[in-house]
Amino acid sequence: AQSVTQPDIHITVSEGASLELRCNYSYGATPYLFWYVQSPGQGLQLLLKYFSGDTLVQGIKGFEAEFKRSQSSFNLRKPSVHWSDAAEYFCAVEPYTSGTYKYIFGTGTRLKVLA
Amino acid sequence: EADIYQTPRYLVIGTGKKITLECSQTMGHDKMYWYQQDPGMELHLIHYSYGVNSTEKGDLSSESTVSRIRTEHFPLTLESARPSHTSQYLCASSSSYEQYFGPGTRLTVT
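Being a predicted model, the structure only gives us computed values, none of them experimental.

Further remarks concern the packing of aromatic side chains. Within this structure, the stated rule accounts for 20 aromatic pairs over all chains. When the centroid spacing of 4.8 Å and the interplanar angle of 35° are considered together, the rings of Phe-34 of chain A and Tyr-103 of chain A count as tilted. Here the residue Phe-34 of chain A occupies a position in strand 5 (residues 32-38), and Tyr-103 of chain A occupies one in the loop between strand 10 (87-94) and strand 11 (104-105), the gap between them amounting to 69 residues. Of the two residues, Phe-34 of chain A and Tyr-103 of chain A, neither departs from the other in class, the shared state being buried. Their ring planes at 55° and their centres at 6.4 Å tell us that Tyr-36 of chain A and Phe-105 of chain A sit as a pair that is tilted. Placement of the pair is Tyr-36 of chain A in strand 5 and Phe-105 of chain A in strand 11, with a sequence separation of 69 residues. As far as burial versus exposure is concerned, Tyr-36 of chain A and Phe-105 of chain A are alike and both buried. Stacked on the ring of Tyr-101 of chain A, the Lys or Arg Lys-31 of chain B has its end atom at 4.2 Å from the ring centre.

So, in C-alpha cells, the structure goes:
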C-alpha cells in the first residue's frame, strides 16, 4: 500500500541550529512530492514541491529539500532555524500515475525552537 | 497563489444542530477537497470534487455531506452535529497537482 512516513513526531532545535526533517514514501514509481507547514490554528502553507529534474529544490522561508530516489526520501532542511519556524510540518505525496489528484499525507513533525 | 476562504473560522454549537461550513476559492480551480484534522494529528480526506456536480467520499468515513453547484463554492454540511464531530476542517483547491489550503474552521460541538 502507498504510504508516507515521517519518523520524527517531535523535534526540538535551538535557534540558529540546522534542521533536517525526514520523509520517506512507499510507492512503485516516483510520485510528486510536497512539504507543507502549519502554524497553530492555521491552514497549510506550501513550502516546496518536487515534480522532476534537479533533485535539490528550493522553497520559501529559506527551506530546501532533496529527493533521493534510491532511498525513497524527500528530506526537508534549513541551515539556520528561526524562532518563527516553530510549527507542524507535513510531507505529502501525490501518486500522479493513479490520476486521482489526491494527496497521501505523513503524520507530521512538530518542531519546537529553543531561544 | 490561490485565495481560499473558509467561514466561520471558529464555531461552538450544541448537539443536534445543523451546520454548514463554507469554502470558497477565487482562482477557478476545478478540484476541491475537505480534510478533517484532530489537534496535533494528521489530515484525513473526507470529501473531494473534480468539478461542478462531481463529489466523492474520501478515505475517512464522515457523516457530513458536500455539494458543488458552482466552481468556486464547496460547502460542507452536518445535518445533526455530535460531540464526535469536534475537529478542525480544512478546505483545499487545485488546478493540477498542487493543493492550496484555506485557514480552516475549528468546530466544537457541546
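The subject of this paragraph is the sheet that holds strand 8 (residues 76-78) of chain B. Taken in spatial order, the four strands make up an open sheet running 1-3-8-7 (chain B), and their pairing is antiparallel. Both outer strands of the open sheet, strand 1 (4-7) and strand 7 (65-66) of chain B, are each paired with one neighbouring strand and no more.

Across the contact, 23 residues belong to chain B and 22 residues belong to chain A. Surface buried jointly by chain B and chain A totals about 1900 Å² across both partners, of which 52% is contributed by carbon and sulfur atoms. Interface area lost by chain B to chain A is led by Tyr-97, Glu-98 and Phe-101 of chain B, which between them contribute 33%. For the pair chain B and chain A, the interface holds two salt bridges. Between Lys-102 of chain A and Asp-59 of chain B there is a salt bridge, with its nearest N and O atoms 3.7 Å apart. Between chain B and chain A we count eight residue pairs in polar contact (both at pLDDT 80 or more) in total. Elements that contribute at least two residues to the side of chain B that touches chain A include exactly strand 4 (31-37), strand 5 (43-51) and strand 9 (87-94) of chain B. Within the side of chain B that touches chain A, the residues separate by chemical class into 12 nonpolar, six polar and five charged.

Conventions and cut-offs
Each chain carries its own residue numbering, running from 1 in the direction its sequence is written. Written order decides the labels, with chains lettered from A and ligands numbered from 1. Reporting in this predicted model follows two pLDDT cut-offs: at least 70 for local features of residues, and 80 or more for side-chain atom pairs to be given and counted; totals over whole chains, interfaces and linings ignore these cut-offs and use all residues. Side-chain measures here rest on the full set of heavy atoms in the structure, leaving out hydrogens and waters. Pairing of aromatic rings covers Phe, Tyr and Trp, the last counted by its six-membered ring, and requires centre-to-centre distances within 6.5 Å; plane angles under 30 degrees mean stacked, over 60 mean edge-to-face, and any other angle means tilted. In this description a helix means any DSSP run of H or I spanning at least four residues, a strand means any run of E spanning at least two, and both kinds are numbered starting from the N terminus. Exposure is judged per residue with a 1.4 Å probe applied to protein chains only, and the accessible area is read against the type maximum: over 50% gives exposed, under 20% gives buried, and values in between give partly exposed. Lysine NZ or arginine CZ positioned within 6 Å of the ring centre and within 35 degrees of the ring normal marks a charge as sitting over the ring. Strand pairing is defined by DSSP finding a minimum of two bridges between the two strands. Any two residues whose heavy atoms approach within 4.5 Å are treated as being in contact. When two parts are brought into contact, each loses some accessible area as probed by a 1.4 Å sphere; the total of that loss over both is the buried area. A side-chain nitrogen of Lys or Arg and a carboxyl oxygen of Asp or Glu constitute a salt bridge if their distance falls within 4 Å. Here a polar contact means two N or O atoms within 3.5 Å. Within protein one must be a hydrogen donor candidate and the other an acceptor candidate, and residues neighboring in sequence count only if both atoms are side-chain atoms. Throughout this entry, Asp, Glu, Lys and Arg are counted as charged residues, while Ala, Val, Leu, Ile, Met, Phe, Trp, Tyr, Cys and Pro are counted as nonpolar. The remaining residues, Gly among them, count as polar.

Bear in mind that shape data such as this cannot, by itself, settle questions of function.
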